Amino acid sequence: MDSEKKESLAVVCINCGHPVTELYRKYGESVIKMTICANCNQIADKYIEFEPVVILIDLVLLTKSAYRHILFNGYFKNFWKLFIILVLMESYMKWMNLPAAKNNQESEKNFYICGIWILGENFLFFCILRGSVGIFEYFLKRSASTLPGRAENLSLLLWKGIILASLGKFLFVPIVIWQDNSSAFALQIHSMLVMGYFLLSLICSCSG
Ligand SMILES: [Zn+2]
């Protein structure tokens with residue numbers, strides 16, 4: 001009962017971030033009534049009726065409510081899998097840009113080194129972000145984890161937010177495909193645009 005109560009308190013209105021006790025109420029087998037947020041008077045979470053592909057499109061369009069749905073109300077449990085795919089993709093990108101190895105063994109070793117390097121980079125980035133939040137908490141004299149709707153561990157929430165924002169890094173894939181037919185300048189512009197999109201996603205994801 002306690003765990004059920006705790007789970008129900010963890011959901012929020014995706015429009016204003018205000019905590020709500022439930023997202024919908026069931027009346028019979030096929031009738032549900034969506035919860036209206038007491039703070040903004042809108043449907044607390046319209047996405048619970050949407051197809052995943054619609055939510056994905058809204059994530060790509062940097063819709064803040066879609067980020068809130070996934071991070072606070074969603075039942076997406078595959079963050080670890082997504083994280084592994086992202087690390088493998090970034091490792092591959094780094095490995096592709098290395099000078100040609102002398103043999104297959106060296107090439108394989110280089111890939112593992114790239115993987116460890118990317119893991120280290122991601123960990124460092126997370127530490128910097130968590131540290132920045134800690135500094136804000138210190139100066140504002142308020143813990144972000146006690147803000148409405150932040151029942152989950154803040155570090156875990158930040159980690160999920162970074163992974164969600166990193167979806168934009170899949171736009172690096174065309175670089176691998178086009179790199180032989182593009183100039184170094186065009187590839188640099190492409191990389192900068194992807195990183196800019198990643199930063200915007202990160203702001204959208206972590207400011208909820
Ligand atoms: Zn609201």
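Being a predicted model, the structure only gives us computed values, none of them experimental.

**Focus on the UniProt feature "transmembrane region" (unreviewed entry) in the protein**
And then number 1: UniProt records the feature "transmembrane region" (unreviewed entry) at residues 78–95, 115–136, 157–178 and 184–204, using the numbering of this structure.
And then number 2: Regarding residues 78–95, the helix share stands at 94% and the strand share at 0%, and the terminal C-alpha atoms are separated by 26 Å.

**Observations regarding the packing of helix H5 (residues 104–140) against helix H6 (residues 154–165)**
And then number 1: One can describe the packing of H5 onto H6 by two numbers: an axis separation of 11 Å at closest approach and a directional angle of 130°. Judged on the interaxial angle alone, H6 and H5 are oblique. Of the two possible hands of crossing, H5 and H6 adopt the one that is right-handed. Residues Phe126, Leu129, Arg130 and Val133 of H5 touch H6, and the partners they reach there are Ser155, Leu158, Trp159 and Ile162.
And then number 2: Across the contact of H5 with H6, the residue classes tally to six nonpolar, one polar and one charged.

**A short note on the confidence of the model for the protein**
And then number 1: Overall, the prediction assigns the protein a mean pLDDT of 84, with 89% of residues at 70 or greater.
And then number 2: In the model, residues 1–8 has pLDDT below 50 throughout and makes three contacts with residues more than four positions away in sequence or in other chains.

**Topic: H6**
And then number 1: With 12 residues, H6 extends 16 Å between its outermost C-alpha atoms, agreeing within 8% with the 16 Å of an ideal straight helix rising 1.5 Å per residue.
And then number 2: Taken as a whole, H6 has its buried residues at Lys160, Gly161, Ile162, Ile163, Leu164 and Ala165.
And then number 3: In this fold, the buried residues of H6 make contact with helix H3 (64–73), helix H4 (79–96), H5 and helix H8 (184–206).

**A word on the pairing of strand S2 (residues 31–34)**
For a regular strand, the rule is simple: side chains alternate between the two faces of the sheet.
And then number 1: Across four bridges, strand S1 (residues 24–27) lies against S2 in antiparallel orientation. Residue Lys26 lies in a different strand from S2, and its bridge partner there is Ile32.
And then number 2: The hairpin formed by S1 and S2 contains three residues between the paired strands, and Gly28 there has a positive phi angle of roughly 85°.

Criteria and thresholds
- Sequence order as written defines the numbering, with residues in each chain counted from 1.
- In view of the model being predicted, local features appear only for residues whose pLDDT reaches at least 70, and side-chain atom pairs are presented and counted only at 80 or more, with totals across whole chains, interfaces and linings using the full set of residues.
- UniProt positions are given in the numbering used here, feature names are shortened, and annotations may be inferred rather than shown by experiment.
- Where helices and strands are cited, they refer to DSSP runs of H or I of at least four residues and of E of at least two residues respectively, numbered from the N terminus.
- Fitted lines through C-alpha atoms give the axes, limited to the stretch in contact for helices. The angle between two N-to-C directions lies from 0 to 180 degrees.
- Comment on the angle field: the value is read as roughly parallel under 35 degrees, roughly antiparallel over 145, roughly perpendicular from 65 to 115, and oblique elsewhere.
- What makes a crossing left-handed is the near helix being turned counterclockwise from the far one by less than a right angle; a clockwise turn instead makes it right-handed.
- Residues are treated as contacting if the C-beta atoms built from their backbones sit within 7 Å of each other.
- Put simply, Ala, Val, Leu, Ile, Met, Phe, Trp, Tyr, Cys and Pro go in the nonpolar bin, Asp, Glu, Lys and Arg in the charged bin, and everything else, Gly too, in the polar bin.
- As a per-residue measure, pLDDT reflects the predictor's confidence and takes values from 0 up to 100.
- In this scheme, a helix's expected span is set at 1.5 Å multiplied by one less than its residue total.
- Partly exposed residues are those whose C-beta has more than 12 but fewer than 20 other C-beta atoms within 10 Å; 20 or more makes a residue buried and 12 or fewer makes it exposed, with C-beta atoms placed from the backbone.
- Paired strands, in this sense, are two strands between which DSSP finds at least two bridges.

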